[in-house]
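# Residue-level structural notes
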Amino acid sequence: MEVYLDNAATTVVNKNVIELMTEIMSKDYGNPSSLHHKGIDAERYVKDAAETISKTLKVKPKEILFTSGGTESNNTAIIGACNAKKRRGRHIVTTAIEHASVQSVMKYLASEGFEITYVNCDSNGVVSKEAVKEALREDTVLVSVMYVNNEIGSMMDIAGISSVIKECNNDIIFHVDAIQAYGKIKIYPKKLGIDLMSASGHKFHGPKGTGFLYINEKVKITPLIYGGGQQGGMRSGTENVPGIAGLALAAFDSYESIDSVSEKLYSLKDYFIDKVTSIDGVYVNSKKGKDSAMHIISVSCPGFRSEVLLHALEDKGVYVSSGSACSSNKQNVSATLKAMGLAADRLESTVRFSMCDKTTKEELDFAYEALKDVIAKFRVIKQR
């Protein structure tokens, strides 16, 4: 049996998405900037995709910028906003638990003369609105906070954080990395007070290399890519029409079943947490219930290195991650788990199980038995 529980890293592409993309690549392959019918047909896919995604967010189609994925969306949002605002101020507020695609941008901006304040989280991996409020200053131009943490699934109070930002200064831009949230949680940026929001297609059964950035029409940011002026000059270069269309179809599918899938996954998450915590010496870093995301479960097994556990589970047909997939090949200690105050033995022994709508109870039972067996065998070996 093969059990894939690394859906926070990437998801399988839906069959209907593959079929649509294949049809576009073989039949409707025109350049959307061309003036002939092939180009017009291709352009229609891009416009329809913007319409589809904007409806899921209750925003305008013109507020959707298509990108190559979450990393580009985060880079465009943060660098673009800070460059547009740098005459007003050079102070940025973010958190200590952000994804590498935000943390690395902050390091770059610090080298360019910006000052970064990192807000810490509590023991559950949650950043409070009070902590963000305390970090704000007169020269703050941007606040960037993730919606769902990619390692443990903790959820931030986005509405509350937005309210304290806007109360301090309505001119401060609020960026939200929603890469682990979009397609799983109903998000309405205008209601929540989000100015910029990043999403990535391959996290919700869309193709890799696709994503989008929501940009409130009242917010001005500078482009990162210059050229032929596509997408209103915000991202020049010929649009990835098959990818954009596939992204939109995957988004539509996700939102069609978002409520039922959410209930299913919350039930499975709590079930799996109860199972794994019954194993002696195993700890779960993710909260049960709806205070955290429904699809991510962080598990620590003190005494066993995470990489060893990962490969031992892989040998049994269970695929998990040792943390964020974007940094899983590095030996760095998880910034999120460290900020939560976890002991060293738990920092070094954590694996992430992450589900999707296709995950079954039987798969979780198989994963539980595999984990229990691996730990038992390792303990026997250590006692020799």
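So, here's what we can say about the structure.

Conventions adopted
- Residues numbered from 1 in each chain as written.
- Predicted model: local features only at pLDDT ≥ 70, side-chain atom pairs only at ≥ 80, totals over all residues.
- Heavy atoms only, no water.
- Buried < 20%, exposed > 50% of the residue type's maximum accessible area, 1.4 Å probe, protein only.
- Helix = DSSP H or I, 4+ residues; strand = E, 2+ residues; numbered from the N terminus.
- Pairing = 2+ DSSP bridges.
- Axes fitted to C-alpha atoms, helices over the stretch in contact; angles between N-to-C directions.
- Parallel < 35°, antiparallel > 145°, perpendicular 65-115°, else oblique.
- Left-handed = near helix turned anticlockwise from the far one by under 90°.
- Contact = heavy atoms within 4.5 Å.
- Nonpolar A, V, L, I, M, F, W, Y, C, P; charged D, E, K, R; others polar.
- Salt bridge = Lys/Arg side-chain N within 4 Å of Asp/Glu carboxyl O.
- Core = buried A, V, L, I, M, F, W, Y, C linked by side-chain atoms within 4.5 Å.
- Phe/Tyr/Trp six-rings, centres within 6.5 Å; stacked < 30°, edge-to-face > 60°.
- Lys NZ or Arg CZ within 6 Å of the ring centre and 35° of its normal.

## Overview of the pairing of strand S8 (residues 211-215)
When you tally the buried positions in S8, you get five out of five residues, the bulk of the element. Relative to S8, strand S2 (residues 64-67) is paired through four bridges, and the arrangement is antiparallel. Within S8, the position partnered with Phe66 by the bridge is Phe212. In this sheet, S8 lies alongside strand S7 (residues 196-200) in antiparallel orientation, the contact comprising five bridges. Across the sheet, Leu196 pairs through a bridge with Ile215, a residue of S8.

## Topic: the packing of helix H1 (residues 15-26) against helix H8 (residues 241-256)
Between H1 and H8, the shortest axis-to-axis distance is 9 Å and the interhelical angle comes to 155°. With respect to H8, the element H1 is oriented roughly antiparallel. Seen from above, H1 lies across H8 with right-handed handedness. On H8, the residues touching Asn16, Val17, Leu20, Met21, Ile24 and Met25 of H1 are Val241, Pro242, Gly243, Ala245, Gly246, Leu249, Ala250 and Asp253. In the contact of H1 with H8, the residues fall into ten nonpolar, three polar and one charged.

## Things to note about the sheet that holds S8
Spatially, S2-S8-S7-S6-S5-S3-S4 is the arrangement adopted by the seven strands of the open sheet, whose pairing is mixed. With one partner strand each, in any of the chains shown, S2 and strand S4 (115-119) form the two edges of the open sheet. The average undirected angle you get between the axes of adjacent strands in this sheet is 20°. Of the strands in this sheet, S2, strand S3 (91-95), strand S5 (140-146), strand S6 (173-177), S7 and S8 touch helix H3 (residues 70-85), which is tilted by about 160° from S7.

## Examining the environment of Ile194
Within the secondary structure, Ile194 sits in the loop between helix H7 (189-192) and S7. For Ile194 and Ile161, which are 33 residues apart along the polypeptide, the C-alpha to C-alpha distance reads 9.8 Å.

## Some thoughts on the pattern of salt bridges
Applying the stated criterion across every chain yields a total of 21 salt bridges. Residue Asp171 pairs with Lys85 through a salt bridge whose shortest N-O separation is 2.7 Å. Highlighted residues: Asp171 in the loop between helix H6 (158-168) and S6 and Lys85 in helix H3, separated in sequence by 86 residues. When the shortest N-O distance is used, the salt bridge between Lys275 and Asp365 registers 3.9 Å. Taken together, the residues span a long stretch of sequence, with Lys275 in helix H9 (residues 258-276) and Asp365 in helix H13 (residues 361-383) at a distance of 90 residues. Judged by its relative accessible area of 24%, Lys275 falls in the partly exposed class. A residue is classified by how much of its surface remains accessible, and Asp365, at 23% relative accessible area, is partly exposed. Among the charged side chains, a salt-bridge network with shared partners connects Lys60, Lys62 and Glu217.

## Looking at the nonpolar core
With 97 residues, the main nonpolar core has Tyr147, Tyr182, Ile187 and Phe353 as its most contacted residues. Apart from the residues lying within four places of it in its own chain, the contact partners of Phe353 are Leu5, Phe272, His295, Ile296, Ile297, Val299, Leu313, Val320, Ala367 and Leu371. Membership of the second largest hydrophobic core comes to 22 residues, among which are Leu65, Cys82, Leu196 and Ile215.

## Brief notes about the sheet that holds strand S10 (residues 296-300)
One open sheet holds the three strands; their spatial order is S9-S10-S12, and the pairing between them is antiparallel. The open sheet terminates on both sides in strands that have one partner only, identified here as strand S9 (283-284) and strand S12 (350-354). With five bridges joining them, S10 and S12 adopt antiparallel strand pairing. Bridge assignment links Ile296 to a residue of S12, and that residue is Ser354. Where H9 meets the sheet, it contacts S9, S10 and S12, and its direction lies at approximately 10° from that of S10.

## A closer look at the environment of Ala250
Among the structural elements, Ala250 can be located in helix H8. The spatial distance from the C-alpha of Ala250 to the C-alpha of Glu362 is 25 Å, given a sequence separation of 112 residues. With near-sequence residues (within four places) excluded, Ala250 lies in contact with Val17, Phe204, His205 and Gly206.

## Some thoughts on the packing of aromatic side chains
Applying the stated criterion across every chain yields a total of five aromatic pairs. An aromatic cluster is defined as three or more aromatic residues linked by ring pairs; in this entry it consists of Tyr182, Phe204, Phe212 and Tyr255. Here the guanidinium or amino end of Lys38 rests over the ring plane of Tyr29, the centre of that ring lying 4.5 Å away. Sitting over the face of the ring of Tyr271, Lys361 holds its NZ or CZ atom 4.6 Å from the ring centroid.

## Overview of the packing of helix H2 (residues 37-57) against H8
Closest axis-to-axis distance for the H2/H8 pair is 9 Å, and the angle between their directions is 30°. When the axis of H2 is compared with that of H8, the two are roughly parallel. In this structure, H2 crosses over H8, and the sense of that crossing is left-handed. Residues Ala42, Tyr45, Val46, Ala49, Thr52, Ile53 and Thr56 of H2 form the contact with H8, whose participating residues are Val241, Ile244, Ala245, Leu247, Ala248, Ala251, Phe252 and Tyr255.

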